[in-house]
There are 2 protein chains.
Amino acid sequence: MNAFSFNQATAQHWPVPDLIAGCAAAGVGVVGLWREQVAAYGLAKTRRELDAAGLGVSTLCRGGFFNRPGWLDENRRAIAEAAALGAPVLVLVSGGLPPDSRDLAAARAHVMQAVAELAPDAEQAGVTLAVEPLHPMYAADRCVISTFEQAMAVAAPHPVGVVGVVVDTYHLWWDDRAPAQIAQAGARIASFQLADWTTPLPAGVLTGRALPGDGCLDFAPLWTAVLAAGYGAAIEIEVFNAELWQQPGDEILRRTLAAWDSVRAAPGVHGGG
Amino acid sequence: MNAFSFNQATAQHWPVPDLIAGCAAAGVGVVGLWREQVAAYGLAKTRRELDAAGLGVSTLCRGGFFNRPGWLDENRRAIAEAAALGAPVLVLVSGGLPPDSRDLAAARAHVMQAVAELAPDAEQAGVTLAVEPLHPMYAADRCVISTFEQAMAVAAPHPVGVVGVVVDTYHLWWDDRAPAQIAQAGARIASFQLADWTTPLPAGVLTGRALPGDGCLDFAPLWTAVLAAGYGAAIEIEVFNAELWQQPGDEILRRTLAAWDSVRAAPGVHGGG
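Structural notes, computed from the coordinates. (Residues numbered from 1 in each chain as written. Chains lettered and ligands numbered in written order. Predicted model: local features only at pLDDT ≥ 70, side-chain atom pairs only at ≥ 80, totals over all residues. Heavy atoms only, no water.)

As for the overall build of chain A
Helices and strands together make up the secondary structure of chain A, namely 10 helices and eight strands. Burial status across chain A gives 58% buried among its 273 residues. In chain A, of all internal contacts separated by at least 6 residues, the share reaching a separation of at least 24 is 80%. Counting only carbon and sulfur atoms, one obtains 54% of the accessible surface of chain A, whose full area is about 9900 Å². Computed over 17 positive and 27 negative side-chain charges, the inter-centroid distance for chain A is 3 Å. (Helix = DSSP H or I, 4+ residues; strand = E, 2+ residues; numbered from the N terminus. Buried < 20%, exposed > 50% of the residue type's maximum accessible area, 1.4 Å probe, protein only. Contact = heavy atoms within 4.5 Å. Areas by Shrake-Rupley, 256 points an atom, 1.4 Å probe, with all protein chains shown as cover. Lys, Arg positive; Asp, Glu negative; His and termini not counted. Charge placed at Lys NZ, Arg CZ, Asp CG, Glu CD.)

This is the structure in structure tokens:
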């Protein structure tokens with residue numbers, strides 16, 4: 001049975017030491033972390049407190065944004081930070097179109113080149129680069145990799161374990177082709193993240209995601225596919241929601257754990273123990 | 001060379017008679033109309049004024065919303081209205097998930113059944129039902145048909161000319177598979193519509209589209225594919241933009257014609273005459 005991992009973005013104003021203490025107290029053994037928050041608290045200090053609390057790290061978010069100046073050095077730092085935290089996976093959000101460019105195909109080709117350039121560093125560090133396809137509504141400004149198939153094409157030239165793919169329900173639920181592709185992807189699946197879809201979307205379309213069960217998604221097709229691929233690592237709940245963020249961190253964790261229990265009990269979801 | 005057609009939604013507050021007079025005065029010979037505006041002015045009166053001005057109708061928007069009560073009668077009325085206007089094409093926006101449903105596959109299957117039920121009426125009326133794939137960000141609440149491939153699957157069981165597919169750049173630009181599929185689709189392409197993509201998206205993600213040239217889209221890949229399919233009918237500009245709608249109708253038409261001239265002159269777009 002896959003473990004639950006609490007992704008820090010779900011409680012984005014919760015200070016790192018409180019997050020660690022709160023998760024440990026709630027019996028959550030794995031967390032997903034974000035570089036900015038870790039850096040603000042201190043990388044070495046975060047690692048020490050994780051170890052002291054007995055917490056593991058499922059993923060570090062995020063590398064990528066290959067359309068920005070300095071992307072190579074920035075991503076090398078991200079790889080090193082993942083290794084320092086003991087995070088087996090660095091999530092890559094590939095970035096949108098470069099400024100003043102309309103060439104989507106060239107931007108996608110550049111992502112392939114960038115990942116190829118980073119793969120040796122990742123392999124040496126023992127970190128899997130996990131290419132995350134983002135919903136096509138982000139193709140212009142956040143991530144030109146829009147489908148699971150495109151993400152797999154970025155990963156394919158590299159060894160399994162060096163470059164993988166993220167499955168996030170929020171980004172892939174609409175794609176009727178994704179479940180069969182995921183089920184065939186085996187150990188390329190480096191992370192599985194849950195968030196629900198609600199409408200109307202807010203301006204900027206970033207912070208309108210919902211805890212599983214609060215939106216219109218059926219989690220069964222993607223969940224079944226991920227398990228069929230043999231995915232055995234932790235499943236994260238990662239929700240960007242402006243209203244949820246206003247709650248105290250331990251209240252957000254409580255609601256997230258309730259959502260986790262509820263979604264695992266849904267028909268067709270075989271994550272129940 | 002494909003004619004230009006001005007879609008009424010681009011100037012949504014422009015009264016029908018002013019739209020007809022304005023287009024005729026500007027030398028625009030074809031318009032795309034919407035049912036609500038036509039009904040408000042009067043169907044027979046609209047047809048008489050179109051004829052008197054020598055204007056043709058490229059498409060009527062819209063049928064569809066097969067998840068709503070009464071969809072069958074409503075769509076039969078829409079087919080009859082298209083025929084009465086001399087519109088060869090009725091655009092179908094298929095509707096989102098039914099209330100309280102999370103079953104996307106069932107909703108898509110229902111669209112196939114609904115179109116099959118309507119096809120005989122459309123054939124008898126001489127109107128092509130044009131299934132429009134909408135951007136995946138609308139899959140929950142406006143249209144469960146998200147890709148060109150899905151729309152083609154809805155059309156495939158029916159004769160060409162009875163059920164076709166709409167290509168709208170705003171909805172399909174992100175899909176790397178679409179151009180090759182479109183180029184192979186021949187006479188299934190029933191309408192080609194242009195709108196540009198800008199960010200950040202506004203709340204509700206409906207009214208943030210832009211005139212061609214004002215956003216980040218390269219129109220060449222889809223335009224080339226549509227021409228490769230042999231599409232010879234009018235090309236519409238259809239833009240939902242809250243700021244643009246504040247302008248007087250003839251100013252919107254002037255800007256739209258300037259955008260049309262500009263996009264046809266772009267590299268790789270072979271619409272120039």
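Examining the nonpolar core
Counting residues in hydrophobic clusters, the biggest one holds 182 residues, and the most contacted among them are F6(A), I182(A), F6(B) and I182(B). Look past the residues within four positions of I182(A) in its chain and what remains in contact with it is F148(A), V167(A), L172(A), I189(A), L222(A), A225(A), V226(A) and A229(A). (Core = buried A, V, L, I, M, F, W, Y, C linked by side-chain atoms within 4.5 Å.)

Quick word on the relation of the copies chain B and chain A
Of the transformation placing chain B onto chain A, the axial shift is 0.0 Å and the rotation is 180°, giving an RMSD of 0.0 Å. Look at the turn and shift together and you get a two-fold axis relating the two. Considering only C-alpha atoms, the part of chain B nearest the rotation axis is A203(B), at 1.9 Å. In this assembly, 100% of the residues forming the interface of chain B have copies in chain A that are likewise at the interface, indicating an isologous arrangement. (Least-squares fit on C-alpha atoms with pLDDT ≥ 70 in both.)

Details of the sheet that holds strand β4 (residues 89–93) of chain B
Residue and element names in this part refer to chain B. If you trace the eight strands once around the closed barrel, you get β1-β2-β3-β4-β5-β6-β7-β8, paired in parallel fashion. Sheet twist, expressed as the average angle between the axes of neighbouring strands with direction ignored, equals 30°. With three bridges joining them, strand β1 (residues 4–7) and strand β2 (residues 30–34) adopt parallel strand pairing. In the sheet register, N7 faces β2, and the bridge partner there is G32. (Pairing = 2+ DSSP bridges. Axes fitted to C-alpha atoms, helices over the stretch in contact; angles between N-to-C directions.)

Let's talk about the state of the cysteines
Residues and elements named next belong to chain B. Tallying each qualifying case throughout the model produces zero disulfides over all chains. C23 forms no disulfide, and the closest cysteine sulfur to it belongs to C61, at a distance of 15 Å. With relative accessibility at 0%, the residue C23 sits in the buried group. Looking at the unpaired C61, the closest cysteine sulfur is the one in C143, lying at 12 Å. (Disulfide = S-S within 2.5 Å.)

Considerations on the packing of helix α3 (residues 43–53) of chain A against helix α4 (residues 71–85) of chain A
Residue and element names in this part refer to chain A. Contact pair α3 / α4: the axes reach a minimum separation of 9 Å and the direction vectors enclose 30°. With respect to their mutual orientation, α3 and α4 come out roughly parallel. Once α3 is placed against α4, the crossing between them reads as right-handed. Counting all contacts with α3, which are made through L43, T46, R47 and L50, the residues of α4 involved are E81, A83, A84 and L85. (Parallel < 35°, antiparallel > 145°, perpendicular 65-115°, else oblique. Left-handed = near helix turned anticlockwise from the far one by under 90°.)

Considerations on helix α1 (residues 16–25) of chain B
Residue and element names in this part refer to chain B. For α1, the full list of buried residues reads V16, L19, I20, G22 and C23. Buried residues along α1 sit against β1, β2, α2 (35–41), α3 (43–53) and α10 (249–264). Once α1 finishes, G27 follows within two positions and takes phi at roughly 80°, a positive value.

Regarding unusual backbone geometry
Residue and element names in this part refer to chain B. A cis geometry characterises the amide bond from C61 onward to R62, with omega recorded as -10°. Considering the arrangement of structural elements, one finds R62 in strand β3 (residues 56–64). With an omega of 0°, the peptide bond between T199 and P200 qualifies as cis. Relative to the elements of secondary structure, P200 occurs in the loop between β7 (189–194) and α9 (220–228). The phi torsion at V205 lies on the positive side, around 50°, for a residue other than glycine. Looking at the element boundaries, V205 is found in the loop between β7 and α9.

What to know about the side chain of N7(B)
Residues and elements named next belong to chain B. Relative to the helices and strands, N7 resides in strand β1. Judged by its relative accessible area of 0%, N7 falls in the buried class. A polar atom in the side chain of N7 sits 2.7 Å from the side chain of E236. (Polar contact = N/O pair within 3.5 Å; in protein donor to acceptor, adjacent residues only side chain to side chain.)

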